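# Residue-level structure breakdown
Okay, here's what each chain looks like letter by letter:
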Amino acid sequence: MKVSSHVVAGMLGPWQEGPGPAHQRLSDRLRLLVLDGRLPLGSVLPSERDLATALSTSRTTVGTAYRTLVEHGYLATRARARAAVRLPHDMPPERRAGTDPAIIDLSFAAPAAPGEVLHAAFAAALEQLPRHFERHGYDRNGTAELREAVAHWYERRGLPTAPDHILITNGAQHALALLSRTLLSPRDHVLIDHPTYPHAISTFTQVRARLLPVAVSASGWDTAQLHAAGRSAKLAYLIPDFHNPTGLCMPTSVRRSLGLACPTVIDETMTDLALDGASPEPFAIHMPTAISIGSVSKSIWGGLRIGWIRATPSLLERVQQTRYATDLGTPLVEQLATAVLLNEGRTRRPGTLEQLRTQRDALRQALTEHLPGLHAPRPAGGLTLWATFPRPISSRLAAIAPDYGVNIAAGPRFGIGGAFERNIRLPYVLPPDRLTQAIRGLAQAEQALTRGVTGAHSPAPVA
Ligand SMILES: Cc1ncc(COP(=O)(O)O)c(C=O)c1O
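Residues numbered from 1 in each chain as written. Predicted model: local features only at pLDDT ≥ 70, side-chain atom pairs only at ≥ 80, totals over all residues. Heavy atoms only, no water.

Before going further, it helps to examine the side chain of Ser295. Tracing the sequence through the fold places Ser295 in strand 10 (residues 291-295). Given the relative accessible area of 6%, Ser295 is considered buried. Within the structure, Ser295 has its side chain in polar contact with the backbone nitrogen of Ser297 (distance 2.8 Å). Ignoring sequence-local partners within four residues, the contact set of Ser295 consists of Ala172, Thr269, Ile306, Gly307 and Trp308. (Helix = DSSP H or I, 4+ residues; strand = E, 2+ residues; numbered from the N terminus. Buried < 20%, exposed > 50% of the residue type's maximum accessible area, 1.4 Å probe, protein only. Polar contact = N/O pair within 3.5 Å; in protein donor to acceptor, adjacent residues only side chain to side chain. Contact = heavy atoms within 4.5 Å.)

Next up, the structure:
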């Protein structure tokens, strides 16, 4: 697949900013795009001349950056052919996958499993399983037990819901992919929070929708801008509950005043992770037409792969028709176990919430000690801090951080057009000592960037 110079320029964003020579900034940014998967393996980069023109820089800068990437194994070149993206052969597989045990992984914002709680739920699910043996096991919308449990979960939180308004999916990401394939056509506009959850960006771009970003700033959502963008959008996708990545929670007054002109998908994946108070009310209380998606991935465990859509039966019927092309349902034992967990109210476990508070405090304390220049407001819930550097160094820092024992997600992953080069997302899902160790490593990486010694410290590129 050829990637045009304009697409690469868009992904790079303001790469000119930051310390070090231009060719090094450019090769670091391109390397991160490869490691993030934003430039897929095998994709063919623009010629040096085309990219230099699109970036308003010299051909020498682009040529030197490309040569660095070739030397380190990130680009393959053949005579008279354009450079193609690859990964270094000598990169150990665990480093490629980002699972090297020596590197603390702060790129994932997902908690470890509550082992005993899960074990008990699966034991109960196995006891119930034989009831289902006489049937074929394919449930179009999910098993009745779980649809009822999800409906009750909404009801307990003040939103009357019938089980036939629920469709069970394999996680919230699957819910979003199904909705976008059902509701969107190429070139449709989709309103998104900016920044937003990165895989939502991939989902919408995969169906070739165009993104309409509306800023979520430190002060939150701008209702007037949302309404204006909603008028030209085919769909809106918002994360009002402990927004990923900022951790912000949309105030009730904004929820009440929001009536977008387009169908609106509300992602409530984080809703049960309120750390300083009660969970927010379900969004559909204020906007009855909202299409809500949810999941137990953050409140219980991502390995369950259980999520849902709450919508009208007629929309769910359309989603179901789309679904047949790719999958025929969600595994039954996981559904039964999740029904047990929801009915027992296990999505808000006091011990886990207390642990998250402790970890959030430990992370902020480590930042104050080791990276005092970083501004990191305290979120009222969710799993992440959205921190801001005084300088645009996020991608370069993410590129060298594994050399200092830590993996981070650079700010531009959460936006489009290379935005958020001053930001990083820092999850607090690890024990305090690991978080402190990770921030120490990050501080060393930042100092190395400031001194411009990254090349000396990182002779070999890493994942
Ligand atoms: C806002 C948001 N939505 C959806 C998902 C995907 O959730 P699931 O694991 O249920 O597919 C995530 C995971 O990080 C998320 O942060």
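Moving on, we get to the confidence of the model for the protein chain. A low pLDDT score tells you not to read the predicted coordinates there in detail. Here the protein chain averages 91 in pLDDT, while 95% of its residues score no lower than 70. The low-confidence segment residues 455-463, where pLDDT is below 50, has 25 contacts with residues more than four positions distant or belonging to other chains. (pLDDT = per-residue confidence, 0-100.)

For the rest of this paragraph, the subject is the sheet that holds strand 13 (residues 406-410). A sheet is described by the order of its strands in space; here 4 strands give the open sequence 3-13-14-12, paired in mixed fashion. Since the sheet does not close on itself, it has two edges, and those belong to strand 3 (104-106) and strand 12 (384-388), each with one partner. Mean inter-strand twist for the sheet, computed between neighbouring axes without regard to direction, equals 30°. Bridging between strand 3 and strand 13 involves 3 bridges; their strand directions are parallel. Opposite Ile104, over in strand 13, you have Val406 as the bridge partner. Helix 16 (residues 432-451) contacts strand 3, strand 13 and strand 14 (423-427) of the sheet and is inclined by roughly 85° relative to strand 3. (Pairing = 2+ DSSP bridges. Axes fitted to C-alpha atoms, helices over the stretch in contact; angles between N-to-C directions.)

Below, the discussion takes up the sheet that holds strand 4 (residues 166-169). What holds strands together in a sheet is hydrogen bonding between their backbones, with the strands either parallel or antiparallel. Strand order in the open sheet formed by 8 strands is 4-11-10-9-8-5-6-7, with mixed pairing between adjacent strands. A strand with exactly one partner marks an edge of an open sheet, and here the two such strands are strand 4 and strand 7 (220-221). The pairing of strand 6 (residues 210-217) with strand 7 spans 2 bridges and is antiparallel. Paired with Val216 across the strands is Trp221, a residue of strand 7. Together, strand 5 (189-194), strand 6, strand 7 and strand 8 (235-238) form the strand contacts of helix 10 (residues 223-231), whose direction differs from that of strand 6 by roughly 175°.

On to the site of the ligand. Lining the immediate surroundings of the ligand are 13 residues, of which Asn244, Asp267, Ser295, Ser297 and Lys298 lie closest. Between the ligand and Ser295, the relevant distance is 2.7 Å, taken from an oxygen atom to a side-chain nitrogen or oxygen of the residue. Within the side chain of Arg305, an N or O atom sits 2.8 Å from an oxygen atom of the ligand. Relative to its free-state accessible area of 400 Å², the ligand is covered by the protein chains to the extent of 91%. Residue classes in the shell around the ligand are distributed as 4 nonpolar, 6 polar and 3 charged. (Near = heavy atom within 4 Å. Areas by Shrake-Rupley, 256 points an atom, 1.4 Å probe, with all protein chains shown as cover. Nonpolar A, V, L, I, M, F, W, Y, C, P; charged D, E, K, R; others polar.)

The side chains of a regular strand alternate between both faces of the sheet. Side chains of strand 11 (residues 307-310) alternate between two faces, with Gly307 and Ile309 and Trp308 and Arg310 buried alike. Bridge analysis of strand 4 against strand 11 gives 4 bridges, and the strand direction is antiparallel. Considered in strand 11, the bridge of Ile166 is made with Arg310. Relative to strand 11, strand 10 runs antiparallel, the two being bridged by 4 bridges. Counterpart to Ile293 in the pairing with strand 11 is Ile309.

A few words now on the pattern of salt bridges. Applying the stated criterion across every chain yields a total of 13 salt bridges. In this structure, Asp139 engages Arg135 in a salt bridge whose closest nitrogen and oxygen atoms are separated by 3.8 Å. One salt-bridge network, held together by shared partners, links Asp276, Arg360 and Arg378. (Salt bridge = Lys/Arg side-chain N within 4 Å of Asp/Glu carboxyl O.)

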